[in-house]
Amino acid sequence: MLSLDNTLRPVGPGRDELVPSRYALRVGEIDVLVVSDGVLTIPPVTIATNAASDDLATWLDQMFLPHDAIGWALNVLVVRSGDRYILIDAGLGEEFPGFPRAGQLPRRLEAAGIDLASVTDVVLTHMHMDHVGGLLADGVKERLRPDLRIHVAASEVKFWTAPDFSRTSMPSAVPDRLRATATRFLNEYHKHLRMFDEEHEVAPGVLVRRTGGHTPGHSVVYLASGGERLTFAGDTMFQVGFEHPDWHNGFEHYPDEAARVRVGMMQELAANRGLLVATHMPFPSVGRVGVDGKQFRWVPAFWEY
Ligand SMILES: [Zn+2]
């Protein structure tokens, strides 16, 4: 059975890792575990395709980041609400060669004592390979339940039948791989899909809502219980987005809309004071959004022991 109670016990594979790569917290009655799928390496220009190179260089210096390549975290959530066990996104899997530090989700779930057979629902923020690839990794599908429900926006599924990359700016090998992975995912999992138009309540206090922007069906997951809130922002938010919300990310299919969604989300989170977790923010990516006039700021949560 899935258990979030034994996350502090180093059991099974992963014992030899420097850090456990999982962080547990509670949102009211809902149990949440942030699990790291690992880290991708990307060229810094990918995070600021419409910025002047001097401005990007200044930001990298201010963040003490190198100019040639930066590490991009891959965070996944496991959520328990009532009798439902929900995986939110699935990491990269083995879909792209050359990222040996990513695709760790299956063994890190195992190390956390989480059995894939206990997962009742998967929610996909969108169908980029770093979010669905883990479902295609060796041995994963066989261990998932035959009645698994995968919740994804209908517009996302439709988009990937003829995806538009005209506004993106990705490393050259990436678009073909994204297309191939999305196609393979749909072929393997179409029977499990539970599509929604704008929003869907997956379990008590677990709501998925379409935002669009990053992709047409990109969605965000809202957890709310006992007066507490946590938003899993998927690819709405990146670290650079606090200082430069208008900088386009090369993976955004509709970057102007993505920037509007990003600003709206930060305004909402600054007002409701809820927690934010985003896929590509540094692990464990648990914090809040501060605002001072028009300037947003990331406030990491103090770790709870
Ligand atoms: Zn992503």
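Above this text you will find the structure in question.
About the thresholds
Residues numbered from 1 in each chain as written. Predicted model: local features only at pLDDT ≥ 70, side-chain atom pairs only at ≥ 80, totals over all residues. Heavy atoms only, no water. 1 Å grid on protein atoms, 1.4 Å probe; cavity = no way out; pocket = protein on both sides within 12 Å on 5 of 7 lines; lining within 4 Å. Points joined across faces, edges and corners; volume = space filled by probe spheres on them. Helix = DSSP H or I, 4+ residues; strand = E, 2+ residues; numbered from the N terminus. Nonpolar A, V, L, I, M, F, W, Y, C, P; charged D, E, K, R; others polar. Contact = heavy atoms within 4.5 Å. Salt bridge = Lys/Arg side-chain N within 4 Å of Asp/Glu carboxyl O. Buried < 20%, exposed > 50% of the residue type's maximum accessible area, 1.4 Å probe, protein only. Polar contact = N/O pair within 3.5 Å; in protein donor to acceptor, adjacent residues only side chain to side chain.

**Q** What is the right way to read the layout of surface pockets from this model?
**A** If a probe as big as a water molecule is rolled over the atoms, it shows which places are left empty. Taken as a whole, the second largest pocket spans an internal volume of roughly 470 Å³. Around the second largest pocket, the lining is made up of 27 residues, and of these Val39, Gly71, Trp72, Ala73 and Pro282 lie nearest the centre. For the lining of the second largest pocket, the secondary structure elements donating two or more residues are strand S2 (30–42) and strand S3 (70–81). For the lining of the second largest pocket, the leading source of residues is S3, giving five residues. Of the residues in the lining of the second largest pocket, the class split is 18 nonpolar, six polar and three charged.

**Q** Mind showing me how you'd approach the environment of tryptophan 72 here?
**A** Secondary-structure assignment places tryptophan 72 in strand S3. Between the C-alpha atom of tryptophan 72 and that of histidine 280, which follows or precedes it by 208 residues, the distance is 5.6 Å. What tryptophan 72 contacts, discounting residues up to four positions off in sequence, is Gly38, Val39, Leu40, Ile42, Ile47, Phe238, Asn249, Phe251 and His280.

**Q** What should I look at first to understand the pattern of salt bridges in this one?
**A** Oppositely charged side chains may form a pair once their charged atoms are brought near each other. Inspection of the entire model under this criterion finds 12 salt bridges. The partner of arginine 149 in a salt bridge is aspartate 121, with the nearest N and O atoms 2.9 Å apart. Separated by 28 residues along the polypeptide, arginine 149 in strand S6 (residues 149–153) and aspartate 121 in strand S5 (residues 121–123) bring together distant segments of the chain. Judged by its relative accessible area of 0%, aspartate 121 is buried.

**Q** Would you take a moment to explain empty space enclosed by the protein for this structure?
**A** Under the criterion given, the structure shown has three cavities of 30 Å³ or more. In this structure, the largest cavity occupies an estimated 40 Å³ of space. Ranked by residues supplied to the lining of the largest cavity, first place goes to helix H2 (residues 105–111) with three residues. A class-by-class count of the residues in the lining of the largest cavity yields seven nonpolar, one polar and no charged.

**Q** Is there a simple way to think about the side chain of aspartate 31 in this case?
**A** Inspection of the secondary structure puts aspartate 31 in strand S2. One polar contact links aspartate 31 to arginine 26, side chain to side chain, over a distance of 2.6 Å. Separated by 2.6 Å, the side chains of aspartate 31 and arginine 80 make a polar contact.

From the geometry alone we can't say anything about function, so treat these as descriptive.
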